[in-house]
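# Descriptive structure summary
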Amino acid sequence: ETGVTQTPRHLVMGMTNKKSLKCEQHLGHNAMYWYKQSAKKPLELMFVYSLEERVENNSVPSRFSPECPNSSHLFLHLHTLQPEDSALYLCASSHDRGRAEQYFGPGTRLTVT
Amino acid sequence: DQQVKQNSPSLSVQEGRISILNCDYTNSMFDYFLWYKKYPAEGPTFLISISSIKDKNEDGRFTVFLNKSAKHLSLHIVPSQPGDSAVYFCAASAINAGGTSYGKLTFGQGTILTVHP
């Protein structure tokens with residue numbers, strides 16, 4: 001299943017670096033999401049985009065900056081992260097916000113040193 | 001406060017037998033429930049869902065049961081196969097709630113299922 005792709009799959013970055021995570025969906029969906037999964041914790045919703053408009057920022061620190069240039073692409077820009085930000089970052093998409101079924105990418109395993 | 005809970009971190013089952021994965025929720029606004037399966041190094045894969053207007057939904061070997069009064073749902077897999085070994089996540093949504101809850105999925109912590117040959 002390659003409906004939702006994410007790059008890179010693994011990323012190691014220092015606390016002063018700036019990097020970006022990329023997500024692309026090939027499903028024709030109108031809503032896209034960023035989730036964070038830390039060790040032994042449930043998936044936490046970070047951001048929701050609907051028709052390229054951010055509709056929710058779930059109390060995420062400003063060192064995480066999302067961007068949705070079109071309905072197929074979603075970015076998460078990272079800067080001055082902390083070691084506790086190390087986690088699996090998952091992108092998902094759904095037909096629209098009213099459809100609960102979300103389809104996930106494989107995730108980016110991020111390590112902040 | 002965790003609104004969706006999967007109290008069993010792991011479950012071990014023999015091939016061919018039934019696997020029962022449980023999930024409890026606290027938010028009475030939730031009206032749509034989903035199960036996802038996750039293999040290592042992959043994202044969660046949607047398995048099956050159920051609306052709060054139903055108490056059962058079946059898809060092949062997978063059946064989800066919903067008990068609204070108990071705020072409990074379960075996923076039955078029968079017969080279990082070694083390829084079913086994965087982490088299973090329960091998720092809930094308040095589709096009809098509107099506002100900031102609209103379209104938001106709340107996940108449980110997951111249950112690791114191991115099916116032995």
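What this report covers is the structure whose coordinates are included nearby. (Residues numbered from 1 in each chain as written. Chains lettered and ligands numbered in written order. Predicted model: local features only at pLDDT ≥ 70, side-chain atom pairs only at ≥ 80, totals over all residues. Heavy atoms only, no water.)

### Points about the overall build of chain B
Basically, it comes down to this: Each helix corresponds to a stretch of at least 4 residues labelled H or I by DSSP, and each strand to a stretch of at least 2 residues labelled E; elements are numbered beginning at the N terminus. We compute the radius of gyration from the C-alpha atoms alone; for a globule the expected value is 2.2 Å times N to the 0.38, where N is the number of residues.
The secondary structure content of chain B amounts to zero helices and eleven strands. Start at the N end of chain B and walk to the C end: the helices and strands fall as β-β-β-β-β-β-β-β-β-β-β. For a compact globule of 117 residues, the expected C-alpha radius of gyration is about 13 Å, and chain B comes in at 14 Å, within 12% of that figure. The C-alpha extent of chain B, read off along each of the three principal axes, is 45 × 30 × 20 Å.

### Observations concerning the environment of Arg17 of chain B
Residue and element names in this part refer to chain B. The condition is simple: By definition in these notes, contact holds between two residues if any of their heavy atoms fall within 4.5 Å.
As for its placement among the helices and strands, Arg17 is situated in the loop between β2 (10–14) and β3 (19–25). For the pair Arg17 and His116, spaced 99 residues apart in the sequence, the C-alpha separation amounts to 10.0 Å. Sequence-distant contacts of Arg17, that is, excluding residues within four places in its chain, are made with Ile77, Pro79 and Ser80.

### A few points about the pairing of strand β3 (residues 18–25) of chain A
All names here are of chain A. The following threshold applies: Any two strands are treated as partners once DSSP identifies two or more bridges connecting them.
Bridging between strand β1 (residues 4–7) and β3 involves four bridges; their strand directions are antiparallel. Paired with Gln6 across the strands is Cys23, a residue of β3. Of the strand pairs in this sheet, β3 and strand β8 (residues 73–79) are connected by seven bridges, and their pairing is antiparallel. Within β8, the residue paired with Lys18 across the bridge is His79.

### Let's talk about unusual backbone geometry
A cis geometry characterises the amide bond from Thr7 of chain A onward to Pro8 of chain A, with omega recorded as -10°. One can find Pro8 of chain A in the loop between β1 and β2 (10–13). Each neighbour pair has its own omega, and for Val78 of chain B with Pro79 of chain B the value is -10°, a cis peptide bond. Looking at the secondary structure, you find Pro79 of chain B in the loop between β8 (72–77) and β9 (86–93). One non-glycine residue, Thr80 of chain A, lies in the positive phi region at around 45°. Examined against the element boundaries, Thr80 of chain A turns out to sit in the loop between β8 and β9 (87–94).

### What to know about the nonpolar core
Heads up, the rule is: Only buried residues count toward a nonpolar core, which is a set of Ala, Val, Leu, Ile, Met, Phe, Trp, Tyr and Cys residues joined through side-chain atoms within 4.5 Å. Burial status follows relative accessibility: with a 1.4 Å probe on protein chains alone, a residue under 20% of its type maximum counts as buried, one over 50% as exposed, and anything between as partly exposed.
With 24 residues, the main nonpolar core has Phe33, Trp35, Leu73, Leu75 and Tyr88 of chain B as its most contacted residues. Filtering out sequence-adjacent residues up to four positions away, Leu73 of chain B remains in contact with Leu21, Asn22, Cys23, Tyr25, Phe33, Trp35, Val64, Phe65, Leu66 and Cys90 of chain B. Val4, Met13, Met32 and Tyr49 of chain A belong to the second-largest nonpolar core, a separate cluster that totals 22 residues.

### Overview of the side chain of Ser93 of chain A
Assignment of secondary structure puts Ser93 of chain A in strand β9. Not counting chain neighbours up to four residues away, the residues in contact with Ser93 of chain A comprise Val4, Gln25, Leu27, His29, Ala31, Met32, Tyr33, Glu101, Gln102 and Tyr103 of chain A.

### Section: the interface of chain B and chain A
Convention followed: By convention, the term buried area covers the 1.4 Å-probe accessible surface removed from two parts as they join, with the contributions of both added. In what follows, salt bridge is the name for a side-chain nitrogen of Lys or Arg lying within 4 Å of a carboxyl oxygen of Asp or Glu. Throughout this description, a polar contact denotes any pair of N or O atoms lying within 3.5 Å of each other; where both atoms belong to protein, one of them has to be capable of donating a hydrogen while the other can accept it, and for residues adjacent in sequence the pair is counted only when both atoms sit in side chains.
With 23 residues of chain B in contact, the opposing surface of chain A contributes 21 residues. When the two sides are added together, the surface that chain B and chain A hide from each other amounts to roughly 1,700 Å², 58% of it contributed by carbon and sulfur. Viewed at the interface, chain A and chain B are joined by zero salt bridges. At the junction of chain B with chain A, the criterion picks out four residue pairs in polar contact (both at pLDDT 80 or more).

These figures come from the coordinates and say nothing about function on their own.
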